[in-house]
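Commentary on secondary and tertiary structure
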Amino acid sequence: MQIGATMDLLTPLLADITDDGLSLVGEVTAEELGLTDDDAAARGPLAVSLDLTNVEGLVAVTGVLEGTILRECVRCLKQYEDPLAFSVRAAFIPEPKPASKHPKRVDPRKAREEAAAAEEEEDLDDQYQYQGNRLDLAPMLREHVILAAPMQPICSDECLGLCARCGKNLNEGPCQCAAEPPIPTFRVVQSMKRKTGGSSAS
Ligand SMILES: [Zn+2]
Ligand SMILES: [Zn+2]
C-alpha cells in the first residue's frame, strides 16, 4: 500500500501497515520535519522513501532520505550545497501503559524506579515511541538529517580556504600576499640636492 499525501506520509496509521508492510514515498519540507536553519538549512524539499513493517506492535522503518543541505565551509566560510542521501533505520515501540493498570497498590518509589529503568532501556539509538494508532516520523527523520551533518563541513577537498593575512578566498585566485616578499624592501631614491653655486657670471 502506498500513501502520497504529506500529512499521512509523516504520520502513518498503524492500521495501514498491513502484513505486506507499508511504503511511504514522497517529499517533505524542512518545516514539516521541524528542521530549523540552525539544525540544517535544506534547499528545497527532501525526498523520502520508507518501508514500514509491523511485528506485534514493533514497527521497523527502513528507507532512504535525499535532499540538498546548505552548509558553510569551515575553510573558506562560503555556503555550499551538500547533496544528502542516507539510509534511515529506526524502530518504533508503543509508549508503555501507565502502571495504574494494575489493581494492586503501587509503591510510588518502586514505580518511579521501574519507569526510570524502562526509560533507560528504551533510550537505545534509533528507537522511538508512538502513542495511539499513529506514528510520528518527523522527529525521527529530523534527527537523521541532523546526525548526517559532517563535523567539519568542507565545500571541496581541494578548498584552499582563506588567506591568513588578508582574508581573501584563495579559491577565487591568489592574493597579493603570496606574491609579495615577507619583508618588503624599499628602495629609497633620494634626489640629489644640487647646490646652486655662488658663482655668477656677469
Ligand atoms: Zn571551502
Ligand atoms: Zn593574502
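Residues numbered from 1 in each chain as written. Chains lettered and ligands numbered in written order. Predicted model: local features only at pLDDT ≥ 70, side-chain atom pairs only at ≥ 80, totals over all residues.

A few words on the overall build of the protein chain. Across its full length, the protein chain holds five helices and six strands. Sorting the 202 residues of the protein chain into buried and exposed places 16% on the buried side. Counting only contacts in the protein chain whose residues sit at least 6 apart along the sequence, the fraction spanning at least 24 positions is 58%. (Helix = DSSP H or I, 4+ residues; strand = E, 2+ residues; numbered from the N terminus. Buried ≥ 20, exposed ≤ 12 C-beta atoms within 10 Å, placed from the backbone. Contact = placed C-beta atoms within 7 Å.)

Moving on, we come to the nonpolar core. Ranked by internal contacts, the top residues of the largest apolar core, which has 27 residues, are Val-48, Leu-52, Val-61 and Leu-141. Of all the secondary-structure elements, those providing two or more residues to this core are β2 (22-28), α2 (30-33), β3 (41-55), β4 (58-72), β5 (79-94) and α4 (138-147). It is β3 that contributes the most residues to this core, five residues altogether. If we skip the residues at most four places from it in the chain, Val-61 touches Leu-50, Leu-52, Val-88, Ala-90 and Phe-92. (Core = buried A, V, L, I, M, F, W, Y, C linked by C-beta atoms within 7 Å.)

All right, on to unusual backbone geometry then. One can expect most non-glycine residues to show negative phi and most peptide bonds to be in trans. Positive phi outside glycine occurs at Glu-56, with the angle close to 50 degrees. Residue classification places Glu-56 among the exposed positions, given that 6 C-beta atoms sit within 10 Å. The phi dihedral of Leu-77 falls on the positive side, at around 65 degrees, and the residue is not glycine. Summarising the element assignment, Leu-77 is placed in the loop between β4 and β5.

Turning next to α4. Restricting attention to buried positions, one finds in α4 the residues Met-140, Leu-141 and Val-145. Projected onto a plane normal to the axis of α4, the buried residues spread over an arc of 135 degrees and lie on a single side. Structural note: α4 exposes Pro-139 and Leu-147 on the side pointing more than 90 degrees away from its buried face. The inward-facing, buried residues of α4 abut α2, β3, β4, β5 and β6 (127-130). (Arc of directions from axis to C-beta.)

With 73% of its residues at a pLDDT of 70 or more, the protein chain shows a mean pLDDT of 82. Within the protein chain, the element-level pLDDT minimum falls on strand β1 (residues 2-3), averaging 48, and the maximum on β2, averaging 96. The low-confidence segment residues 188-202, where pLDDT is below 50, has zero contacts with residues more than four positions distant or belonging to other chains. (pLDDT = per-residue confidence, 0-100.)

Moving on, we come to the environment of Leu-77. On the basis of neighbour counts, which here come to 12 C-beta atoms within 10 Å, the residue Leu-77 falls in the exposed class. Sequence spacing of Leu-77 and Leu-162 is 85 residues, and the spatial spacing of their C-alpha atoms is 8.2 Å. For Leu-77, the residues in contact, after removing those within four places along its chain, are Glu-72 and Leu-162.

Once that is clear, we can look at the pairing of β3. For β2 and β3, the ladder comprises seven bridges, and the chain directions are antiparallel. Across the sheet, the residue bridging to Glu-27 is Ala-47, located in β3. Bridge analysis of β3 against β4 gives 12 bridges, and the strand direction is antiparallel. Bridge pairing in β4 places Asn-54 opposite Val-59. Taking the residues that link successive antiparallel strands as the turn, the β3-β4 hairpin has two residues, and the phi of Glu-56 there is positive, at about 50 degrees. (Pairing = 2+ DSSP bridges.)

Bringing the environment of Val-59 into the picture now. Assignment of secondary structure puts Val-59 in strand β4. When the C-alpha positions of Val-59 and Gly-21 are compared, they lie 9.6 Å apart, and in sequence the two are 38 residues distant. In this view, Val-59 contacts Ile-17, Leu-52, Asn-54, Ala-91, Phe-92 and Leu-135; residues no more than four positions away in its chain are not counted.

Next up on the list: the environment of Asn-169. Here Asn-169 lies in the loop between α4 and α5 (176-179). In this structure Asn-169 comes out as partly exposed when scored by C-beta crowding, with 17 C-beta atoms within 10 Å. With 93 residues separating them in the primary sequence, Asn-169 and Cys-76 have C-alpha atoms 6.1 Å apart. Contacts of Asn-169, omitting those with residues within four sequence positions, involve Cys-76, Lys-78 and Leu-162.

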